[in-house]
Amino acid sequence: MQIDKLRGKELDQLFNAVLSLKDLDECYRFFDDLCTINEIQSLAQRLEVARMLREGKTYHKIETETGASTATISRVKRCLNYGNDTYSLVLGRIHSSEEAEENKE
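If you're wondering where the values come from, they're calculated on a predicted model, not measured in any experiment.

1. Some thoughts on the overall build of the chain
- Counting secondary structure elements, the chain contains six helices and zero strands.
- Referenced to the eigenvectors of the C-alpha coordinate spread, the extents of the chain come out at roughly 45 × 40 × 25 Å.
- When each of the 105 residues of the chain is scored for burial, the buried share is 13%.
- At a minimum sequence separation of 6, the contacts of the chain that also span at least 24 residues come to 38%.
- Here the chain displays about 8400 Å² of accessible surface, and carbon together with sulfur accounts for 51% of that area.
- Positive and negative side-chain charges of the chain, numbering 15 and 19 respectively, have mean locations separated by a distance of 7 Å.

Following this line, the structure appears as C-alpha cells:
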C-alpha cells in the first residue's frame, strides 16, 4: 500500500478520530474543521466516480455528471481494479445500509 510510507502516530490519530465519529452530523462538523471545501468536494467526487464506474457508466457520462477530470476517473478506476478493494467495500456497505433503511419504511 502506498499509504504505508505515511504510517505512524499522526496518521493513526487521524484515522482513530474518523472512526470515533458517531453520526453524519459529527462527520460534517469534523470534516468542516479539518478540510477545505475543495478537499471535501474532491473526496466526495472520487467516491461518486467509483460508484458510477462500478455501475458501468462511461467516462464521458461520469465527467459530465461529476465534473471529474479524466485523470481523476482513471485514477479511481485503477484503484477499483488494482487497489485495496475498499471503494467496493464501502460502496457495498452504503448500498446495504440504504436498502435496509428502505425496507424499514
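2. Focus: the packing of helix 3 (residues 37-54) against helix 6 (residues 86-104)
- Axis separation between helix 3 and helix 6 bottoms out at 10 Å; the angle between their running directions is 85°. Comparing their axes, helix 6 and helix 3 come out roughly perpendicular. Counted together, Arg-46, Leu-47, Ala-50, Arg-51 and Arg-54 of helix 3 and Tyr-87, Ser-88, Val-90, Leu-91, Gly-92 and Ile-94 of helix 6 form the full contact between these two elements.

3. Observations concerning the confidence of the model for the chain
- In the predicted model, the chain carries a mean pLDDT of 95, and 100% of its residues have values of at least 70.
- The secondary-structure element of the chain with the lowest mean pLDDT is helix 6, recorded at 90, while helix 2 (residues 24-34) shows the highest, at 98.

4. Considering the packing of aromatic side chains
- In total, this model carries one aromatic pair according to the counting rule given.
- Ring geometry for Phe-30 and Phe-31: centres 5.6 Å apart, planes at 85°, overall edge-to-face.
- By relative accessible area, Phe-31 is classed as partly exposed at 23%.

Reading the values: the criteria
- Residues numbered from 1 in each chain as written.
- Predicted model: local features only at pLDDT ≥ 70, side-chain atom pairs only at ≥ 80, totals over all residues.
- Heavy atoms only, no water.
- Helix = DSSP H or I, 4+ residues; strand = E, 2+ residues; numbered from the N terminus.
- Buried < 20%, exposed > 50% of the residue type's maximum accessible area, 1.4 Å probe, protein only.
- Contact = heavy atoms within 4.5 Å.
- Areas by Shrake-Rupley, 256 points an atom, 1.4 Å probe, with all protein chains shown as cover.
- Lys, Arg positive; Asp, Glu negative; His and termini not counted.
- Charge placed at Lys NZ, Arg CZ, Asp CG, Glu CD.
- Axes fitted to C-alpha atoms, helices over the stretch in contact; angles between N-to-C directions.
- Parallel < 35°, antiparallel > 145°, perpendicular 65-115°, else oblique.
- pLDDT = per-residue confidence, 0-100.
- Phe/Tyr/Trp six-rings, centres within 6.5 Å; stacked < 30°, edge-to-face > 60°.

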